[in-house]
Amino acid sequence: MSNATTANHDDHHDHHPTGLARWLFTTNHKEIGTLYLVFSLIMFLVGGAMALVIRAELFAPGLQLVNPEFFNQMTTMHALVMIFGAVMPAFVGLANWMIPMMIGGPDMALPRMNNWSFWILPFAFTILLSTLFMPSGAPASGWTLYPPLSLQGGNSLAFVILSIHLMGISSIMGAINVIATILNMRAPGMTLLRMPLFVWTWLITAFLLIAVMPVLAGAVTMLLTDRFFGTSFFDAAGGGDPVLYQHIFWFFGHPEVYILILPAFGIISEIIPTFSRKRLFGYTAMVYATATIAFLSFTVWAHHMFTVGMPLGAQLFFMYATMVIAVPTGVKIFNWISTMWRGSMTFETPMLFALGFLVMFTIGGLSGLMLAIVPADYQYHDSYFVVAHFHYVLVTGAVFAIMAGVYYWLPKWTGHMYDEKLGKIHFWWSTISVNVLFFPQHYLGLAGMPRRIPDYAIQFTEFNMISSIGGFAFGFAQLLFAYIVWKCVRGGAPATAQVWEGARGLEWTVPSPAPLHTFDTPPKVDDSVTAHKDELS
Amino acid sequence: MAQGAYYVPHSTKWPIVGSVGMFIFAIGAANWLNSGPTGPWLFAIGAAIIIYMMFGWFSEVVRESEGGLYNDAVSSSFRQGMIWFIFSEVMFFAAFFGALFYARMFAVPWLGGEGTGAMTNELLWPQYDATWPTHGPAERGGDFETIPGFGLPLLNTLILLTSGVTITMAHWALKKAQRTALVVWMVATIALAVTFLFIQGYEYVHAYRDLGLTLGSGIYGSTFFMLTGFHGLHVIVGTLMLIVITIRCAMGHFTKNNHFGFEAAAWYWHFVDVVWLGLFIFVYVI
Amino acid sequence: MKRTNELIVALAVLAVVTVITWGLFAVGDNMPRGVTPFSKDVYHLHNTVLGIVTVIGILVFTAMFTSVVVHRKSKGYEPAKFTHSTKAEITWTTIPILILIVIAIPATSVLIDMEDTGGAEMNVKITGYQWLWKYDYIEDGISFYSALDRDSNRARQIGSGINPRDVDNYLLEVDNRLVLPTNTRIRFLLTADDVIHSWWVPELGWKRDAIPGMINEAWTYIEEEGVYRGQCAELCGKDHGFMPIVVEAVSPEEYRRWVEAQGGEVAMEPEEHPGFVGRDRASGSDEQPEESAETINIAVLEQG
Ligand code: HEA
Ligand code: HEA
Ligand code: CUA
Ligand SMILES: [Cu+2]
């Protein structure tokens, strides 16, 4: 099964092209991982800047800065950039860096395709962002691109759809690579149930990606043909139905949100044992819980559409299925807490972010459960309550986990320790401001403020102001993050191979910084190096 | 596993060439859709770059493969890649099949007043009677006739099924190292593929010219042409793959134990075949 | 010795977490209780579920922070070795399932109530346009458009120089209110002319999408007289934020008087409507949706 033997490096080409060519032509998983991570950080700042436009406009009632059309473009682009440009590439970057090292493989299974998956992205986002400068403006129909509204968009629609196709192709190839790597490149002794959870969660995520990105491609292709070729998929007059789009979109969209969180679960599952100096509790249960979440994610999509007027039976089905997801997710939360329980904890920055994740993801998950209750969702839907829910799971969930992962592995990548003091400041500043930013949005939603509006009634003023202040504070904290990372790349106290006292796993057996090629000769793996014990074997 | 190391190429220009090609292709396509004058040109240039990239990239892979650089683990990675790629294609078709089922089982009956659609029909489309095929209550695209399943489509089904057999014969020949038989069976497969495409093309012309059935014929026309059209596109790609593989067979590539390229094309061909069966049943027959 | 330590800390943490949580509830807004049986059901359901998840949250955070406080290396705490406990895992799979069942039961019964649209005493057809609403009182033959009122509309323009705070009910006032009788079972038939809109008045307890080419049904039974305000809740283009809804609930007698006074008013085309703010979409959205007149087919409905 574990086929990886020593690696044979190709000698036909120049060994190490330098300068730009090095990055354009590289097939090395670590360099490609770096490319992904840098790209993701840039996109995070761009998407964040758009969010700040939103928050600035919403600071006070009345229209001050932007017109409504541009506001809608910001909302749409913010979401697309954050999801497809920031969070997904960040996870792929981490996968690239860490998976081969964690499983003892020489590189990703398909190194050339790996390069391709990455390099499609900058081009795709060039197209997407260029629509902002088109006469018709960027798409303004929300990231969900519901027809018929999205079909009213100007020339940009075709560009947006083709850029989404490119992103999809990139994601699918990236996912194929991850699966092939995990199934194929493991060192001898690295059985499936010895793999770190980050590897497991990515394996399952990759499966989700391959299953649903093509569905998104199908949905937007139908938009394209409805707009340009006279088809009637989403037009009742021709026998179609606008709601059909929503079904197809959310069949993609809901698994997509788990694509954005499962690798985060993986990262947290690596960090908590390390800083608790205790092996992961309930490893096997964690694997099964992840798989269960992934499976269930295909059965809940219509919880985004409770107000479209579905038959009663369908609403009940989707409500129950959605609620059930709380169970495997709860298993994960409880296992993490049990891992910490009676451990010997220290609180370096990665652990702080992991704990922040634990608390705030749970808050987001619990509000998700409330959204699942159909009659109540008749009130919550399309209000700021939903906005609050998904930013808790996305920002304090996915993004916090990514930051935790970056702090955790940064010494391994650069060979230097980051500035711990600044890291802690970053954590506390972010955690306080992010709650100032998103917690009041729950109240706004309950009080009746719809989402995607550029202006609001007077009674929503105070909470919006608080939220905007939190938004700017959180934004500046992220500039600090960029600075900390940059500083660590430039220098710092040298890191040891193990870096963290409690760290276990193959990646901590190689020197820091990890040499360009690790495990050309596969290591021998047994329970002594893994961060958990497979309690069934 | 026996033959040594996992091959990791060090650097490559092909992906970036491909990305640039896709970029130009996408911009061209979008421009073209918006009737921009440069659209078709960019589209063509992009396509040319992509083809050039595929040619270059695959030649490199073929060279490496024939040069014995790949061990079993590498070919296993390729296999995984192909399997999951095909799975993604299946899901792409699933979206369109989903649209078809939804329209037939829900949207159209609701418009006709069934279930929760009583008021929809009564207030908005009182004259509309839900039937399948339909071009919707507004009779989009005017009257049309459908293509009966048990005519040319049935023939096409038989052709594709036969091609599934011929390619399997080719595979056996390859495994028995019978080079001539291999090439003959491959050529037969290609001939069937081309015949299929020819018939499909004829059918489209017939539909547009004589039956009034177009992409704009309401939901029926939409699902019919998008499903069969994307399938046809995949048949074209599959045929190109078959042609390349046949040439390689004729050039003496592949051994009885090591012929990933052949298998990939064959899997793809079977996938195209199975999708057609779905189409035949759900689009033409039922 | 460690045991008592953990217990004391746990109680302290529990107290802190609870206080914080209550503080958060105290400063914030909650969902309105509303004025219909359904809105009250939803309000109670919301509070019940909110209560349950709050307790879950408090317990989870208490366990977590207790561990954070007690099981620290800096306190010389030695790590334990356990990695597994079947008993615990079964417990924390089963208990959540039971909790979910407890939530699902009332949720289901409220939903079933809501979905039963039969027995309507009157029907109102609601059509969403970019960006105003049209109301057709099917039995009474009244029909009119309802758009953002002039004051709000003037104040909302960029650089209008008008402080929104000086406008009464800024963005929540319309020119023609939807007048409805109290204590009457009213069925709404929702659709749209161009894109999807969503009709939402929080005090009635629900929102429902208005989808072009389709009719959605919903109903209400308003128990208290008053003015209830809401907004379009589905992104419908640039003025999505500016198509409010105002329901004026009056006694059935007053409602009859109001109907009389209307004297079978004829609907205007939206373009002729004085409050019409739409159809001058921002650059780019050039086309009109294809069939305006065709889809609004004000068939008079026989008592359904
Ligand atoms: C990372 C992303 C992410 C994640 C993980 C989730 C997780 C969940 N989401 Fe969320 N969701 C989004 C991203 C995400 N969501 C986004 C982006 C949208 C809006 C899209 C748009 O419209 O633009 C959305 C919208 C959304 C809606 C639609 C709301 C609406 O528009 O009306 C619903 C409704 O059911 C929902 C539910 C849930 C549920 C039940 C979970 C569950 O998975 C949560 C499970 C977790 C827990 C429950 C907490 C931990 C568990 C325990 C401590 C155990 C004990 C608990 C119990 C027994 C209750 N989400
Ligand atoms: C992973 C996804 C993700 C992330 C990380 C975020 C992060 C943030 N989001 Fe977003 N958001 C979504 C996904 C995400 N969001 C989605 C899916 C929607 C729904 C869209 C729709 O309705 O269609 C949405 C919608 C949304 C809205 C509702 C808009 C509306 O309904 O009209 C708001 C409003 O407050 C908001 C705010 C924010 C803020 C303040 C952040 C902050 O966390 C951002 C913090 C980061 C920064 C601020 C960057 C720091 C940079 C600087 C300070 C300097 C910038 C300068 C230069 C670059 C030169 N988001
Ligand atoms: Cu109408 Cu939003
Ligand atoms: Cu969801």
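Engineer: Talk me through the overall build of chain B; I want residue IDs and the actual numbers.
Structural biologist: What chain B contains, in helices and strands, is 8 helices and 1 strand. Mapped from its N terminus to its C terminus, chain B presents α and β elements in the order β-α-α-α-α-α-α-α-α. Reported as C-alpha extents along the three principal axes, the dimensions of chain B are approximately 75 × 40 × 35 Å. Counting only residues that meet the buried cut, chain B has 55% of its 286 residues in that class. Summarising the internal contacts of chain B: among those between residues at least 6 apart in sequence, 71% fall at separations of at least 24. A gap of 18 Å separates the mean positions of the 11 positive and 15 negative side-chain charges of chain B.

Engineer: Give a detailed account of the side chain of histidine 71 of chain C, specifying residues and quantitative values.
Structural biologist: Topologically, histidine 71 of chain C is positioned in the loop between helix 2 (37–70) and helix 3 (86–115). By relative accessible area, which is 0% here, histidine 71 of chain C ends up buried. Discounting chain neighbours no more than four positions away, the residues touching histidine 71 of chain C are Met340, Trp341, Arg342, Gly343, Ser344 and Met345 of chain A together with Glu6, Thr66 and Tyr77 of chain C.

Engineer: Which residues make up the site of ligand 1, and what values do they have?
Structural biologist: Residues in close proximity to ligand 1 total 32 residues, the closest being Trp143, Tyr258, Asp377, His381 and His389 of chain A. One finds residues of chains A and C in close proximity to ligand 1. Separating an oxygen atom of ligand 1 from a side-chain N or O atom of aspartate 377 of chain A is a distance of 2.6 Å. With respect to ligand 1, the side chain of histidine 389 of chain A contributes an N or O atom lying 3.0 Å from a nitrogen atom. Of all the secondary-structure elements, those providing two or more residues to the shell around ligand 1 are helix 8 (242–259), helix 12 (326–340), helix 13 (349–372) and helix 15 (384–414) of chain A together with helix 2 of chain C. Top contributing element to the shell around ligand 1 by residue count: helix 13 of chain A, with 7 residues. A class-by-class count of the residues in the shell around ligand 1 yields 21 nonpolar, 9 polar and 2 charged.

Engineer: Give me the lowdown on the coordination of the copper ion (ligand 4), citing residues and values where you can.
Structural biologist: Residue and element names in this part refer to chain A. Looking at the metal site, the copper ion (ligand 4) is ligated by His254 (ND1), His303 (NE2) and His304 (NE2), spaced 1.8 to 2.1 Å from it. We note that the donor set of the copper ion (ligand 4) lies within a single chain, spaced as H-x48-H-H. Between the copper ion (ligand 4) and the iron atom of ligand 1, a spacing of 4.5 Å is present. Assessed through its relative accessible area of 13%, histidine 303 is described here as buried.

Engineer: Could you give an account of the coordination of the iron atom of ligand 2, with specific residues and numbers?
Structural biologist: All names here are of chain A. Protein ligation of the iron atom of ligand 2 involves His78 (NE2) and His391 (NE2), the donor distances falling in the range 2.0 Å. The site at the iron atom of ligand 2 holds 6 donor atoms, and with the angles between them running 88 to 178°, its shape is octahedral. Placement of the pair is histidine 78 in helix 3 (residues 68–103) and histidine 391 in helix 15, with a sequence separation of 313 residues. By the burial criterion, histidine 78 is buried, and histidine 391 matches it.

Engineer: An account of the site of ligand 2 is requested, with residue identities and associated values reported.
Structural biologist: Residues and elements named next belong to chain A. Looking at ligand 2, there are 31 residues lining it, with Arg55, His78, Trp143, His391 and Arg452 nearest. Here an oxygen atom of ligand 2 and a side-chain polar atom of arginine 55 are 2.8 Å apart. Between ligand 2 and arginine 452 there is a distance of 2.6 Å, counted from an oxygen atom to a backbone nitrogen or oxygen. Of all elements in the fold, only helix 2 (29–57), helix 3, helix 15, helix 16 (420–447) and helix 17 (461–490) reach the threshold of two or more residues within the shell around ligand 2. A per-element tally of the shell around ligand 2 places helix 2 first, with 8 residues. A breakdown of the residues in the shell around ligand 2 according to their chemical character gives 21 nonpolar, 7 polar and 3 charged.

Engineer: Can you break down the nonpolar core residue by residue, with the values?
Structural biologist: In terms of nonpolar packing, the biggest core is built from 383 residues, with Phe84 of chain A, Phe262 of chain B together with Tyr137 and Trp199 of chain C touching the most fellow members. Considering every element that reaches this core, the biggest residue donor is helix 3 of chain A, with 23 residues. Excluding its chain neighbours within four sequence positions, the residues that come into contact with tyrosine 137 of chain C are Met122, Asn123, Val124, Ile142, Phe144, Leu178, Val179, Leu180, Tyr255 and Trp258 of chain C. In terms of nonpolar packing, the next biggest core, distinct from the first, is built from 7 residues, Leu63 of chain A together with Ala155, Tyr170 and Phe242 of chain C among them.

Engineer: Go over the pattern of salt bridges, please, and point to the residues and values.
Structural biologist: A side chain with one charge may pair with a side chain of the opposite charge, provided their charged atoms come close. For the structure on display, the rule yields 23 salt bridges over all chains. With a closest N to O distance of 3.6 Å, arginine 451 of chain A and aspartate 382 of chain A form a salt bridge. With arginine 451 of chain A in the loop between helix 16 and helix 17 and aspartate 382 of chain A in the loop between helix 14 (374–380) and helix 15, the pair connects residues that are 69 residues apart, well separated along the chain. For arginine 451 of chain A, a relative accessible area of 14% gives the class buried. Assessed through its relative accessible area of 4%, aspartate 382 of chain A is described here as buried. A single network of salt bridges, built from pairs that share partners, joins Glu173, Arg177, Arg229 and Glu248 of chain C.

Engineer: Give me the sheet that holds strand 2 (residues 132–137) of chain C: which residues, what numbers.
Structural biologist: Residues and elements named next belong to chain C. Spatially, 3-2-1-5-8 is the arrangement adopted by the 5 strands of the open sheet, whose pairing is mixed. What marks the edges here is a single partner per strand, and that holds for strand 3 (142–146) and strand 8 (216–220). Recorded for the sheet is a direction-independent mean angle of 20° between the axes of neighbouring strands. Against the sheet, helix 5 (residues 252–262) touches strand 1 (122–129), strand 2 and strand 3, its axis set at about 90° to strand 3.

About the cut-offs
- Residues numbered from 1 in each chain as written.
- Chains lettered and ligands numbered in written order.
- Predicted model: local features only at pLDDT ≥ 70, side-chain atom pairs only at ≥ 80, totals over all residues.
- Heavy atoms only, no water.
- Helix = DSSP H or I, 4+ residues; strand = E, 2+ residues; numbered from the N terminus.
- Buried < 20%, exposed > 50% of the residue type's maximum accessible area, 1.4 Å probe, protein only.
- Contact = heavy atoms within 4.5 Å.
- Lys, Arg positive; Asp, Glu negative; His and termini not counted.
- Charge placed at Lys NZ, Arg CZ, Asp CG, Glu CD.
- Near = heavy atom within 4 Å.
- Polar contact = N/O pair within 3.5 Å; in protein donor to acceptor, adjacent residues only side chain to side chain.
- Nonpolar A, V, L, I, M, F, W, Y, C, P; charged D, E, K, R; others polar.
- Donors = N, O, S within 2.8 Å, 3.2 Å for Na, K, Ca; no water.
- Tetrahedral: all angles 85-135°; square planar, octahedral: opposite > 155°, others 65-115°.
- Core = buried A, V, L, I, M, F, W, Y, C linked by side-chain atoms within 4.5 Å.
- Salt bridge = Lys/Arg side-chain N within 4 Å of Asp/Glu carboxyl O.
- Pairing = 2+ DSSP bridges.
- Axes fitted to C-alpha atoms, helices over the stretch in contact; angles between N-to-C directions.

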